[in-house]
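# Working through the structure, step by step
Below, each chain spelled out in residue letters.
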Amino acid sequence: MDFYRNTFKLLVFYGLLFKAMFACAFLDEFELTLEQPTFILPQFTGPYREREASIAPEEYEMAEELRTLLESDDKNLVLNRLESYYDIELSPAMLTLKAQVYFSIKKFDQAEETYLAVLDRMPQLVRVHSDLGQLYLLKKDFKKAREYFANAVAFGANEAMIHGQLAYLNMQEFGPFSAITGYQQALALEPNNRSWQQGLLSALTRAEMFDAAEALVGELIEKNRNDSNLWLMKAAISMRANKTQHALASLEVAIHLGEGSQNNLRSAAQLHLQQGSYLRAIQLLKDSLELDGIGIATVNEYMFWLSELELWQQADDLLSHASSRLPLSSSDAKSQFHWHRAQTFSKLKQSEKAYQHFQTALDLNPNNGMALLDFARFQKAQDNIEQAELLFIRAEALDGSKKDAILGRAELYLSRKDFESALIQLRNAHLRYPELAALKENIEIVENIIRTQKLNR
């Protein structure tokens, strides 16, 4: 009997270890939905500015005429006039204006060709490098876009837009440290620009410069305390810095201000579960179930969390709330929902309700492996050994539940002191799943029990 007790203890220990590993893991995975850094494409800005290239004296009259046409937004007439000349006849300033008009009417290939022709004649023109950067952004050629924005800055550009866009592209290609200075420069020129604030926060956070990121977001919040996205950013920074209580406090402020996306409600609930504030966690989970698009997969996830923490009464409360709100259109979804109800009632010692929901779950989907496993365990606990064995056998035929079913039958046979059958199951499990190291020791113990029994006969 000592051998049997040792075997049973090893099996139970393996199960508890497996459970504990998952219980720790699910509470460490958080995801917040934040606004992402973006690049901004400006509208066509009009005539070329003389600070970069001069119009030839013979072009003054034409320039005034084109200025009038541009002011009346007649770009096609401007383009017709410019196209009446060969490119070589136009000054770099006029040729740039032609490229800009192509750009503004979305003739991007002609615009690119014309801009490059300008740079062949005057490689240092800041505005042309900047416009080419914008053009390549639109064409999603980010490598060339970054190159031309960098050229613009190198030749003296000092516009927030250029610094910000270069920072964005640097972060995508080279990482956060290459973006910080660019975002700082853009923010210095346009302190209230949301994109530059957001970009700098993202770069500082990704670079793990948490003190600087916290200082910046704190300053922004002081200016606008009702901005829920700033509080979300503060929460994300705190989580990256492993300050979970601070993260939760900021997340709750964001929710109070109207933030209600499923990811953020979910993360707040996880943090509350981690902190042991279960009532608030359940309320947040309920709130998330009110959102459109929530289905059985979300309930499966929430039930996994609650079952790992053995919060069965809270699970029952959540399922009752979800029962009239979930769009359970398929038999499989309905089966999974009834399985959750059965599992919960089983843990709450409401055996009759548990039995009914297990039966309903399997009527809806006979191949619901998790329902088969839990129903088998339920029947075993009720001392209905034959029914439990049949359910384990059915579960063993399904890929998703095969391993647990094999081990479940082994434990069932051990509880009946049927060591021969248990040994078959353990050997089968070891053959299929050699990574389960504890099985080898279990097999040796059961083999010793069988040898001892034979010697004592």
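Residues numbered from 1 in each chain as written. Predicted model: local features only at pLDDT ≥ 70, side-chain atom pairs only at ≥ 80, totals over all residues. Heavy atoms only, no water.

### Some thoughts on the overall build of the chain
Across its full length, the chain holds 24 helices and 0 strands. Split into buried and exposed, the 457 residues of the chain put 48% on the buried side. In the chain, 57% of the contacts between residues at least 6 apart in sequence involve partners at least 24 apart. Per element, the accessible surface of the chain, about 23200 Å² overall, is 50% carbon and sulfur. (Helix = DSSP H or I, 4+ residues; strand = E, 2+ residues; numbered from the N terminus. Buried < 20%, exposed > 50% of the residue type's maximum accessible area, 1.4 Å probe, protein only. Contact = heavy atoms within 4.5 Å. Areas by Shrake-Rupley, 256 points an atom, 1.4 Å probe, with all protein chains shown as cover.)

### Some details on the confidence of the model for the chain
Here the chain averages 84 in pLDDT, and 82% of its residues register 70 or above. When mean pLDDT is taken per element in the chain, helix α19 (residues 351–364) scores highest with 97 and helix α1 (residues 2–26) scores lowest with 38. Note on residues 1–28: pLDDT under 50 across the span, and 42 contacts to partners over four residues away in sequence or across chains. Across residues 37–51, where pLDDT falls below 50, the model places 50 contacts with residues more than four positions away in sequence or in other chains. (pLDDT = per-residue confidence, 0-100.)

### Concerning the pattern of salt bridges
Under the criterion given, the structure shown has 17 salt bridges. The closest approach of N and O atoms between Lys139 and Asp109, which form a salt bridge, is 3.3 Å. Linking Lys139 in the loop between α6 (126–138) and α7 (142–154) with Asp109 in helix α5 (residues 108–121), this pair joins segments that are 30 residues apart in sequence. Taking the relative accessible area as the measure of exposure, Lys139 reaches 33% and is therefore partly exposed. One salt-bridge network, in which partners are shared between bridges, spans Asp109, Glu112 and Lys139. (Salt bridge = Lys/Arg side-chain N within 4 Å of Asp/Glu carboxyl O.)

### A closer look at helix α22 (residues 402–415)
Its 14 residues give α22 an end-to-end C-alpha distance of 20 Å, which sits within 8% of 20 Å, the value for a rise of 1.5 Å per residue. Extensive coverage of α22 is indicated by the burial of 10 of its 14 residues. Buried residues of α22: Lys402, Ala405, Ile406, Leu407, Gly408, Arg409, Ala410, Leu412, Tyr413 and Leu414, and no others. Following α22 by one or two positions, Lys417 adopts a phi angle in the positive range, close to 65°. (Expected span 1.5 Å × (residues − 1).)

### Details of the packing of helix α18 (residues 331–347) against α19
The contact between α18 and α19 brings their axes to 8 Å, and the two run at 160°. Comparing their axes, α19 and α18 come out roughly antiparallel. For α18 against α19, the interelement crossing comes out left-handed. Residue-level inspection shows Ser331, Lys334, Ser335, His338, Trp339, Arg341, Ala342, Gln343, Phe345 and Ser346 of α18 in contact with α19, the latter providing Lys353, Ala354, His357, Phe358, Thr360, Ala361 and Leu364. Taken together, the residues of the contact of α18 with α19 break down into 7 nonpolar, 7 polar and 3 charged. (Axes fitted to C-alpha atoms, helices over the stretch in contact; angles between N-to-C directions. Parallel < 35°, antiparallel > 145°, perpendicular 65-115°, else oblique. Left-handed = near helix turned anticlockwise from the far one by under 90°. Nonpolar A, V, L, I, M, F, W, Y, C, P; charged D, E, K, R; others polar.)

### Some points on helix α17 (residues 312–322)
One full turn of an α-helix is made of 3.6 residues, so residues set three or four places apart face in the same direction. Those residues of α17 that sit buried are Trp312, Ala315, Asp316, Leu318, Leu319, His321 and Ala322. Looking at the buried residues of α17, the elements they touch are α15 (278–289), α16 (296–308) and α18.

### Side note on the packing of α17 against α18
Between α17 and α18, whose axes approach to 9 Å, the crossing angle comes to 145°. The hand of the α17/α18 crossing is left-handed. Of the residues in α18, those in contact with Trp312, Ala315, Asp316, Leu319, Ser320 and Ala322 of α17 are Phe337, His340, Arg341, Gln343, Thr344, Phe345 and Lys347. Per-class residue counts for the contact of α17 with α18 are 6 nonpolar, 4 polar and 3 charged.

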